[in-house]
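Below are the chains, spelled out letter by letter.
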Amino acid sequence: MNSKLPKQEIRCTEVFSDTLRGYAGIQEVDYDYANGRLKAVYDPRLISNERALEVVNHAGREASMRVAQCEAKRERGEEACADCAGELAAQLARQYETAASMPTATFHRNTIEVKLNAPRLATSEDVEIEAEFLSPAKAEKKSAAIPIEKIEVAFTVINAITALTAFLGSGWGWNPALIFGLYSVAYVTGGWFGVIASIEALKEKTINVDLLMILAALGAAAIGQPAEGATLLFLFSLSNTLQTYAMDRSRKAIEKLLDLRPAQATVRRGSRLVTLPIEQLTLGDVVLVRPGERFPIDGEVTTGESDVNQATITGESMPVHKKESDLVFAGTVNGTGSLEIRVTRLAKDTTLARIVKMVEEAQSTKANTQHMLDAFEQRYAIFVLGAAVLLIFVPWLALGHDFHPTFYRAMTWLVVASPCALVISTPASILSAIANGARNGVLFKGGVHLEKTATLKALAFDKTGTLTNGSPMLTAIQSFGDMKEDEILRLVAALESRSEHPLAKAIVQAAHSRTLNLPPSMRFRAIPGQGVEGVVESRHLWVGNERMFIERDVEIPAEILSKASDMQGEGQTAMFVYSLTPNPSPGRRGEFLGLIGVADTLREDAVEMIQALKSAGIEHVVMLTGDNAKVAAKIAARAGVDEFHADLLPQDKVTVLKSLQKKYGPIAMVGDGVNDAPSLATADIGIAMGGAGTDVAIETADMVLMSDDLHKIPFAIGLARQARKVVWQNITFALAVIVLLIAGAFGADLALPLGVLGHEGSTVLVVLNGLRLLGYK
């Protein structure tokens, strides 16, 4: 809140009235500060009685801080307005201190009357305390707790070090007490989170693999094989640590979506501009958005014109010109003009907020696979534990066998039936494939996503920034006279060099790439939504769209309009280059020198990449875009995709993806913008372009291309399919070894050391087989 008085010196006795008049729907305000009575007339078509009271209370809170600060300044002898009223400060500050003390009101048709009574003045200290309470910096310092994932990593490392040290020390003849202590530390650190998870599961009357691992490790220790148990705990602890890390990254994806929206907005309140949290904005508020700022809220332009970059929401490759009555979205970026917008949606209902909700819903639908894995885990754990109990008590109690050999056999069962090789068979292969991918610029954000990538039947691309370069480039120059194309580009670039528009930058960049020397320009002027004009080498030039010439009553010849239409049909933005005659005659003001085309161009490797996808087994390639159908059709034809869908908003892309899933089967989505986030979360596999993509798309995706090389996509699919093949080899081998070890334990009295050897040997072979994926190309 700004505590300084505005230049027009509004008196403190008028602050409440002035603040209240800034709200939409308030028509008249009469405030008698001496008696503490407020009377406001409002438009019932815009606000209800309840809304009127809410507005009065909201304005009271704002005014109370301002008046209290001014009163405190006056008491300290500092300069303040002449009519600073202590009575008003007391009424407002105390009345609006808490929600419970809000005043009641009486209503008469479209009039609200409020009686304010308060016993004390809010001091400057009160104001400072409230400001500190609202400070984001203070809120961030509230908790200094160590993140759980860091503790898991530390425990896993300690487990590995102590277990290895104990194993080596036992071979070197170290003190048994020291060996016992080292193994104890290894067991505690390796099994800590497993024990906690097991206890939680038991409270829910379920049994999980965590419990199986803990019991198997303890059983191994009980029969004199602590190294085996420590190894099991290390592998399981490492797996849990990786899962925790992946889940944490998914949660942060939602936070990064909301980071695109400013936390505060500059709001007009009567004659003042105040800064408020976006959660306090109400429908009808007028918000000021300066050049280069992000829009904090969805709204309708009331004053000003500007070009707005909406790529993060709509996917449009070019900035969109906004004028009065046009809609703007929270999270988009204002261009070079200053805009005032009227709030049309609350913070919780903006387009960006809806995108967040869609991402959350789409991510929650991916939990079904995890439920299936949990069900399998439950059945397997019950089977192994139940069999162990039977192997102890049935021979001992029912058959009269000695307890020690019976318990020994049951522990042997726990070791040989322990799914160590089975459990590590998948992570060994998956982690090797993930490491290979990372080494080659492809980041899989978990083994589940790698496995799903192997099943893909179709792949959808967002157009802007993925199939195309994502930024405008000069694509065509046509001359209508004797002037050469480079000369036209040199003159136009000299003029456009003073503009901040993305199209202007594309033209200037093209001129520099051709090593053209740009002369200075004079009398430059930018016309929002139309083009630019100025003088270059004594030529008065107009460079702009068709609207620029229509508003200046300059007729464009039919043949030139036809050429411009052809450009637009190819997805280009056409700009006319016009030179005014120094001494124009009534019938001729100047001449058209040429036509310039600028467009977001197709990536050079897009066509080759799509052919590689077909060779890799992808049956259908689809393009999704927010651009119009004409532009989309041209890009789709050049790229060689099987089908395209145009004019799509984020929610439309989600709908299209769901229909494609039903039609073709598992599908991946490749994107790079915030507008792609719901689609990335909805698809079976979301693929983000790391080099050009936003943090949101990257965090939401299941796979990230660390560079803009599209050829990494066919590589990733091939790697995933090879990984799936190796995983099933490992699973089959691990199951076969478990069956053979169990048969040996009961059919041939297999000794525990041989069981451990077979168990560990199969584990090593499985890991080595998985490591082969590191060499995949």
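Residues numbered from 1 in each chain as written. Predicted model: local features only at pLDDT ≥ 70, side-chain atom pairs only at ≥ 80, totals over all residues. Heavy atoms only, no water.

*Asks:* Got a sec to walk through the packing of aromatic side chains? Specific residues and values, please.
*Replies:* The geometry of an aromatic ring pair is captured by the separation of the ring centres together with the interplanar angle, meaning the angle of the planes. Per the stated rule, a full pass over the model turns up 14 aromatic pairs. Taking 5.8 Å as the distance between ring centres and 50 degrees as the angle between the ring planes, the aromatic pair formed by Phe155 and Phe193 counts as tilted. With Phe155 in helix α6 (residues 148–171) and Phe193 in helix α7 (residues 176–203), this residue pair connects regions lying 38 residues apart in the sequence. Centre to centre, the rings of Trp542 and Phe549 are 6.2 Å apart; their planes meet at 50 degrees, and the pair counts as tilted. As far as the burial class goes, Trp542 and Phe549 line up, both buried. Taken together, the ring pairs in this structure connect Trp542, Phe549, Phe576, Tyr578 and Phe592 into an aromatic cluster. (Phe/Tyr/Trp six-rings, centres within 6.5 Å; stacked < 30°, edge-to-face > 60°. Helix = DSSP H or I, 4+ residues; strand = E, 2+ residues; numbered from the N terminus. Buried < 20%, exposed > 50% of the residue type's maximum accessible area, 1.4 Å probe, protein only.)

*Asks:* Could you give an account of the confidence of the model for the chain, with specific residues and numbers?
*Replies:* Caution applies to low-pLDDT parts of the model: their predicted coordinates are not meant to be read in detail. A residue-level look at the chain finds 70% of positions with pLDDT of 70 or above and a mean pLDDT of 75. This model gives residues 361–371 a pLDDT under 50, and the stretch forms 14 contacts once residues within four places in sequence are excluded. (pLDDT = per-residue confidence, 0-100. Contact = heavy atoms within 4.5 Å.)

*Asks:* Requested: an account of a nonpolar patch on the surface, with residues and values cited.
*Replies:* On the surface, Leu164, Phe167, Leu168, Trp172, Trp174 and Leu178 cluster together into a nonpolar patch covering about 640 Å² of accessible area. The element contributing the most residues to the nonpolar patch is α6, with three residues. Looking at where Leu168 falls in the secondary structure, it is placed in helix α6. Here Leu168 falls in the partly exposed class, since its relative accessible area comes to 34%. (Patch = residues over 30% accessible without salt bridge, like charges linked within 9 Å, V, L, I, M, F, W, Y side chains within 5 Å. Areas by Shrake-Rupley, 256 points an atom, 1.4 Å probe, with all protein chains shown as cover. Salt bridge = Lys/Arg side-chain N within 4 Å of Asp/Glu carboxyl O.)

*Asks:* Hey, could you go over the pattern of salt bridges for me, with residue numbers and the actual values?
*Replies:* According to the stated counting rule, one finds 14 salt bridges in the structure shown. Two residues, Asp285 and Arg269, come together in a salt bridge whose shortest N-O distance is 3.1 Å. Remark: Arg269 occurs in strand β5 (residues 264–269) and Asp285 occurs in the loop between β6 (272–277) and β7 (286–289); sequence separation between them is 16 residues. Since its relative accessible area comes to 0%, Arg269 is described here as buried.

*Asks:* Give me the side chain of Thr189: which residues, what numbers.
*Replies:* In this structure, Thr189 sits in helix α7. A polar side-chain atom of Thr189 sits 3.4 Å from the main-chain amide nitrogen of Asn159. Separated by 3.3 Å, the side chain of Thr189 and the backbone oxygen of Ala186 make a polar contact. Sequence-distant contacts of Thr189, defined by excluding residues within four places in its chain, comprise Phe155, Ile158 and Asn159. (Polar contact = N/O pair within 3.5 Å; in protein donor to acceptor, adjacent residues only side chain to side chain.)

*Asks:* Mind laying out the pairing of strand β13 (residues 339–343), listing which residues take part and the relevant values?
*Replies:* With four of its five residues buried, β13 lies for the most part within the structure. Relative to β13, strand β8 (residues 299–303) runs antiparallel, the two sharing four bridges. By the bridge assignment, Gly299 is partnered in β13 with Val343. (Pairing = 2+ DSSP bridges.)

*Asks:* How would you summarise the nonpolar core if you had to cite specific residues and measurements?
*Replies:* In this structure, Leu459, Phe461, Leu467, Leu613 and Ile713 are the most contacted members of the largest nonpolar core, which totals 45 residues. Not counting residues up to four positions away in its chain, the partners in contact with Phe461 are Thr466, Leu467, Met609, Leu613, Val621, Val622, Met623, Leu624, Met669, Val670 and Ile713. Core analysis: the next-biggest nonpolar cluster, separate from the first, contains 25 residues, Ala506, Ala510, Val536 and Met575 among them. (Core = buried A, V, L, I, M, F, W, Y, C linked by side-chain atoms within 4.5 Å.)

*Asks:* Help me get a handle on helix α20 (residues 558–569), residues and values and all.
*Replies:* For α20, built from twelve residues, the straight-helix expectation of 16 Å at 1.5 Å per residue is met to within 8% by its first-to-last C-alpha distance of 16 Å. Residues of α20 that are buried include every one of Ile560, Ala564, Met567 and Gly569, and no others. Two residues or fewer past α20, Gly571 is found with a positive phi of approximately 85 degrees. (Expected span 1.5 Å × (residues − 1).)

*Asks:* Go over the environment of Gln478, please, and point to the residues and values.
*Replies:* Counting through the fold element by element, Gln478 comes out in strand β16 (residues 468–479). For Gln478, a relative accessible area of 25% gives the class partly exposed.

*Asks:* Any chance you could break down the packing of helix α17 (residues 485–496) against helix α18 (residues 502–513) for me, citing the residues and the numbers?
*Replies:* The N-to-C vectors of α17 and α18 enclose an angle of 130 degrees; their axes lie 9 Å apart at closest approach. With respect to α18, the axis of α17 lies oblique. In the crossing of α17 with α18, the sense of the turn from one axis to the other is left-handed. Every residue of α18 that contacts α17 at Leu489, Val492, Ala493 and Glu496 is listed here: Ala504, Ile507, Val508, Ala510 and Ala511. Tallied by class, residues from the contact of α17 with α18 come to eight nonpolar, no polar and one charged. (Axes fitted to C-alpha atoms, helices over the stretch in contact; angles between N-to-C directions. Parallel < 35°, antiparallel > 145°, perpendicular 65-115°, else oblique. Left-handed = near helix turned anticlockwise from the far one by under 90°. Nonpolar A, V, L, I, M, F, W, Y, C, P; charged D, E, K, R; others polar.)

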